[in-house]
Amino acid sequence: MNAQTWWLLLEGAWTTAWISGVAIAIGVVAGLAIALVRMARIPVIDQVLVIYISLARATPLVTLVLFIFLVAPTFGIVMNRNIAGIMALTLNTAAFNAEIWRAAFLSFSREQKEAALACGMTNGVIFRRIMLPQMFTTSLPGLVNEMSFLIKGSPAIAVIGIVDLTRVTNRISAVTYEPLPPILAAAALYMIIISMLLKLQDMAEKKANRLTM
Amino acid sequence: MPDLPAVAIERLSKSFNGIEVLRDVDLTVNRGEVVSILGSSGSGKSTLLRCINWLEQPDRGAIRIGGQRIGVDDNGRRMPARELAALRAKTGMVFQSFNLWPHLTVLHNVTEAPIHVKGVAKKEAVRTARELLDKVGMAHKMEAYPYTLSGGQKQRVAIARALAMSPEVILFDEPTSALDPELVGEVLGVMKDLSAEGYTMVVVTHEMEFARAVSDQVVFLDKGIIIERAAPEQFFTAPETERVRKFLELKQ
Ligand SMILES: Nc1ncnc2c1ncn2[C@@H]1O[C@H](COP(=O)(O)OP(=O)(O)OP(=O)(O)O)[C@@H](O)[C@H]1O
Ligand SMILES: [Mg+2]
């Protein structure tokens, strides 16, 4: 492999990283928002969210990507490929994250909440100062797991022509007729991205120790 | 309003799933007073305490904190969440299981509510917290996380946390019941100091010696009804009912 193929690979890795990164960032926050709204148990809205979650979790990523990219124009929306890719990944990961956050809400210590109420904290303060920091620590392993699933599922965005880290290996081997080196290199790059996530998980686990009373 | 009682409870009743746990409870706690609530398991002591700061909602009756009705107004309308929280801040609570916030250091457990509820400046909150932690003998552990502390230490931090809001009354729900016997003394010692300093306290406890030494008033709950209330000397030496006599015999 020469410098140019490496450059192409890195470009592909960058595309995978930034598109997944944006979807992860939005998906983590959106998942939290969905879980929050679900905790309020508002009729209709709650049912709608339940349906969304089951649909999004059951739909293969490729299908979701194609669906968004092809359906948007029928509503008169001109959809940029990257945006369609990000939307599909986000819709997918937010549904999984919503379940992770929801589990954290449901298992949160009633005693700690009562101690906060007794000090005069409002629900907003309790959520921000007492619950969220702990929920973040306890949910991080699950969230990171989901992030790595998302990155590993991200080649699905290639179906609408985005040249991500997997797609670029095809392009390279189409020119060089040597498929193995670029695929091995791509695998190494995926591993680097994922291992950075696992590092994050490690840090969270150390911090989680102090939450066990 | 210096002469309004710290807590005034009038005809308080509460049921869980149709079973009456408190019936027509009347109780007045004056400022500077220590009231002990005694009674056997399941008699409704915790429920009574938790109604005072509206952690449980009573079915009937009125509770006033420093003259202000908590939970509902006199027309039965629910209090807005913000007002309820502000009134709760005037009552401190110490739980059997400590309930410290594990993600915060000892210092931050104590400063959290003053800063984020009262809006006290951080520096000021830290200064007060240091004084309070010193008072409960925990100043040397300010930077420690709760999981590193013994039960007695956790409970002393929890007391400092309650004091930090300068409450009008502190509610203690069996503060020493979860402690190893050798750690009970350090917590009761702190509570004795507080009563000597004039703090208003309502204490649910099974520590008879403590109740006798520190209380101004002892109240005995039986199946949700206050069947006896008296000054401690009278309560412990000449109880009026057979029920209390039996209870005290078992505690010997
Ligand atoms: N949230 C609840 N739901 C249903 N029943 C409850 C609830 N809380 C308390 N009870 C019941 O109410 C009764 C009084 O309970 P409470 O906890 O006030 O008693 P207690 O005097 O504090 O007892 P203990 O000494 O064991 O702490 C008990 O029969 C208990 O089972
Ligand atoms: Mg109890």
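Scroll up for the structure.
Notes on the structure in this doc start here. (Residues numbered from 1 in each chain as written. Chains lettered and ligands numbered in written order. Predicted model: local features only at pLDDT ≥ 70, side-chain atom pairs only at ≥ 80, totals over all residues. Heavy atoms only, no water.)

### So, the site of ligand 1
Residue and element names in this part refer to chain B.
So, point 1. Taken together, the neighbourhood of ligand 1 is formed by 13 residues, with Ser41, Gly42, Lys45, Ser46 and Thr47 sitting nearest.
So, point 2. In this structure, Ser46 approaches ligand 1 through a side-chain N or O atom, which is 2.7 Å from an oxygen atom.
So, point 3. A distance of 2.5 Å is found between an oxygen atom of ligand 1 and a side-chain nitrogen or oxygen belonging to Thr47.
So, point 4. In isolation ligand 1 has 640 Å² of accessible area, and contact with the protein removes 58% of it.
So, point 5. Counted by class, the shell around ligand 1 contains 2 nonpolar, 9 polar and 2 charged residues. (Near = heavy atom within 4 Å. Polar contact = N/O pair within 3.5 Å; in protein donor to acceptor, adjacent residues only side chain to side chain. Areas by Shrake-Rupley, 256 points an atom, 1.4 Å probe, with all protein chains shown as cover. Nonpolar A, V, L, I, M, F, W, Y, C, P; charged D, E, K, R; others polar.)

### So, the pattern of salt bridges
All names here are of chain A.
So, point 1. As enumerated under the stated definition, the model contains 22 salt bridges over all chains in all.
So, point 2. A salt bridge links Arg38 to Asp46, with the shortest nitrogen-to-oxygen separation between them at 3.2 Å.
So, point 3. A residue is classified by how much of its surface remains accessible, and Arg38, at 12% relative accessible area, is buried.
So, point 4. Looking at Asp46, the relative accessible area reads 18%, which means it is buried. (Salt bridge = Lys/Arg side-chain N within 4 Å of Asp/Glu carboxyl O. Buried < 20%, exposed > 50% of the residue type's maximum accessible area, 1.4 Å probe, protein only.)

### Some remarks on the interface of chain A and chain B
So, point 1. Listed per partner, the contact involves 21 residues of chain A and 26 residues of chain B.
So, point 2. Summed over both sides, the interface of chain A with chain B buries roughly 2,200 Å², with 66% coming from carbon and sulfur.
So, point 3. For Glu112(B), the salt bridge goes to Arg129(A), with nearest N and O atoms at 2.6 Å.
So, point 4. The interface formed by chain A and chain B contains 7 residue pairs in polar contact (both at pLDDT 80 or more).
So, point 5. When residues of the side of chain A that touches chain B are traced back to their parent elements, those giving at least two are α5 (110–118) and α6 (123–153) of chain A.
So, point 6. The element that contributes the greatest number of residues to the side of chain A that touches chain B is α5(A), accounting for 8 residues.
So, point 7. The residue inventory of the side of chain A that touches chain B, partitioned by class, reads 11 nonpolar, 5 polar and 5 charged. (Contact = heavy atoms within 4.5 Å. Buried area = accessible area lost by both parts, 1.4 Å probe. Helix = DSSP H or I, 4+ residues; strand = E, 2+ residues; numbered from the N terminus.)

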